[in-house]
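Residues per chain are reported as follows:
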Amino acid sequence: MSQDEFQDGVQEVTDFLLDLGIAKVKWSVQEKALLVQVLCEHLAINRSKASLDQFVDGLKSVDMDFLETIKSDSLLFEKVFCFVEVGLMPNDFRRLFNYSLSPVGANNRDGEELTLLWWEEMIDKETIPLSKILEFCTGADEVPPLGFDRKIEIKFFNQESGLRRFPYTSTCALDMFLPRAVESFDEFQELVSQAVFDTCGFGKI
């Protein structure tokens, strides 16, 4: 890249540089790496410094300088402040749910227990990614650092004769509705799979 080509490129973003507080508008091609460093520092640190300073001041004001507590035992708070991509395990996934079962002996109870049998098998086999099911239920494809404000409630509905109704959810209420008395695991998995993968989702790219 020639000096003229580099300077023309810088000239096109002069207003952007000035908005960032970078008054220097003439850069040599030899200073390209320095310019990249300045931009990265601003975008990663300086741009959010005021907000970070306010956040730090807030931590210092809590419980006799909570910031020092965090710093003295940083590993304990790592999961809260640092993103670590960890796959959702079946047992962890199960703990996110409650089940609204009919009373023992009620007409619907056997059908609900049969559905839960297929549900448990699906979780164990992970035939549908657990993150996809979680996103279908909550809109989030991973558990937030502080968890959800309540457990996801699994409720049940009866299939109507001649109709094929799919599982559905209320992401705001954290409710998931499953059909009672599905006759086989394959049929249950097909219903859940089609419900999860055919939904329009939340516009994620």
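My aim in this report is to walk through the structure given alongside it, one point at a time. Computed from a predicted structure; not experimentally measured. (Residues numbered from 1 in each chain as written. Predicted model: local features only at pLDDT ≥ 70, side-chain atom pairs only at ≥ 80, totals over all residues. Heavy atoms only, no water.)

1. Quick look at the pairing of strand 2 (residues 152-157)
Judged from the three bridges that link them, strand 1 (residues 97-99) and strand 2 form a sheet pairing that is parallel. The residue bridging Asn98 from the neighbouring strand is Glu153, located in strand 2. Bridge count between strand 2 and strand 4 (residues 175-179): five bridges; the pairing is parallel. When the bridges of strand 4 are listed, Ile154 appears paired with Met176. (Pairing = 2+ DSSP bridges. Helix = DSSP H or I, 4+ residues; strand = E, 2+ residues; numbered from the N terminus.)

2. Details of the nonpolar core
Among the nonpolar cores identified, the biggest contains 27 residues, and Phe93, Phe97, Trp119, Ile133 and Met176 are the most heavily contacted of them. Those elements giving two or more residues to this core turn out to be helix 8 (109-125), helix 9 (130-138), strand 2, strand 4 and helix 10 (185-197). When residues in this core are grouped by element, the largest group, six residues, is from helix 10. What Trp119 contacts, discounting residues up to four positions off in sequence, is Phe93, Phe97, Tyr99, Ile133, Ile154, Met176, Leu178 and Phe188. In this structure, Phe6, Val10, Leu17 and Trp27 belong to the second largest nonpolar core, which totals seven residues. (Core = buried A, V, L, I, M, F, W, Y, C linked by side-chain atoms within 4.5 Å. Buried < 20%, exposed > 50% of the residue type's maximum accessible area, 1.4 Å probe, protein only. Contact = heavy atoms within 4.5 Å.)

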